[in-house]
Amino acid sequence: MNPDYVQQLINVIDNNLMHYESDYYDPAKAHEYYMKNRKLKGRSTSGLSDTGKDIWTDTKSNIDSEKKSKIMEAGLQKEIEIQNLRTTAETTRTSITNKLKGLSDALNAKYKTDSEGLSKEQKAQLESIARKREQEQEQIQKTKQRKLKKINEDDSLSAEEKQSKKADISEDSSKESKDVKEEYSKKTEDTRSDISKQRQKLSSDKKTEATKNSEVAKAERTKVAADLKGAIQKARDMYSSKKTEINTSYEDIYQQEYDKIKSQYQSTKKRK
């Protein structure tokens, strides 16, 4: 074949390619592709001329790349949003844990303070009871000694009468001492019992409060997990919707570009 003719043919093709204008069409790349691969692959382009087929192949490739880029961008945005959601949820969970720990520490400190207060109160009450018991016991003994002295000094009484009266005084004194001992033993027992009940109430209140705080924290964690799951699903749904929207919009672009090319580069049947 005449080399000059071949060059003229290439120039005609180049001119035709240059005349087609579109954001998705690069004439230089189209020419390079045309020289490397003269056969169209993929989409049916039977209604296009050879030049139109080459233009469509290059145009479709560029549209494919742009569509893929936008889908990847949407996917990246989805992953970033999901990661941010997880980071926020983890921060919230940490905050809940720290809050629970703070409440637990405060509760333990209060229990310790109140418990120590009860110990001091019990000690003070028992010391007061013991002191009063000793005072009353001393008073009984003083009264006894005073009565015995009075008997000893009473000359009108015989020795036997004095002995009898002294025995009565000692018996009365012993009975009073026993009554005092029993009275203050009961007071001691009541005091210990009362303080023990207060300790039990402190422990019960602490346990109830701790359980309540734990349940609140658990509910908050459950809500965080549910909210995170819902937010992630929403992000995925939005990505899926965005992907569908991109695919739909680019189907229109494919069709518009194809129709534009077909209107300019329809195939012409050779006549015999």
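Conventions adopted
- Residues numbered from 1 in each chain as written.
- Predicted model: local features only at pLDDT ≥ 70, side-chain atom pairs only at ≥ 80, totals over all residues.
- Heavy atoms only, no water.
- Helix = DSSP H or I, 4+ residues; strand = E, 2+ residues; numbered from the N terminus.
- Areas by Shrake-Rupley, 256 points an atom, 1.4 Å probe, with all protein chains shown as cover.
- Core = buried A, V, L, I, M, F, W, Y, C linked by side-chain atoms within 4.5 Å.
- Buried < 20%, exposed > 50% of the residue type's maximum accessible area, 1.4 Å probe, protein only.
- Contact = heavy atoms within 4.5 Å.
- Phe/Tyr/Trp six-rings, centres within 6.5 Å; stacked < 30°, edge-to-face > 60°.
- Lys NZ or Arg CZ within 6 Å of the ring centre and 35° of its normal.

J.: What is the right way to read the overall build of the protein chain from this model?
T.: For the protein chain, the count of helices and strands is 4 helices and 0 strands. Beginning at the N terminus, the succession of helices and strands in the protein chain can be written as α-α-α-α. For the protein chain, the accessible surface area stands at approximately 19600 Å², while carbon and sulfur atoms represent 50% of it.

J.: How do you make sense of the nonpolar core when you look at a structure like this?
T.: Nonpolar side chains tend toward joint burial in soluble globular proteins. With 14 residues, the main nonpolar core has L48, W56, I63, I246, Y250, Y254 and I261 as its most contacted residues. Of all the secondary-structure elements, those providing two or more residues to this core are helix 3 (50-153) and helix 4 (159-264). Among the elements that line this core, the one with the most residues is helix 4, at 7 residues. Discounting chain neighbours no more than four positions away, the residues touching L48 are K53, W56, Y258, I261, K262, Y265, Q266 and S267. In this structure, A217, V224, I232 and A235 belong to the second largest nonpolar core, which totals 8 residues.

J.: How should the packing of aromatic side chains be read in this particular structure?
T.: Aromatic ring pairs are described here by two measures, namely the spacing of the ring centres and the angle between the planes. Scanning the model with the defined rule gives 1 aromatic pair in all. With a centroid separation of 5.3 Å and an interplanar angle of 80°, the aromatic rings of W56 and Y258 are classed as edge-to-face. Residue W56 is found in helix 3, and its partner Y258 is found in helix 4; the two are separated by 202 residues along the sequence. The burial state of W56 is the same as that of Y258; both residues are buried. A cation over an aromatic ring shows up here: K78 above the ring of Y239, its NZ or CZ 4.6 Å from the ring centre. The lysine or arginine in question, K206, covers the ring of Y111, its NZ or CZ lying 4.8 Å from the ring centre.

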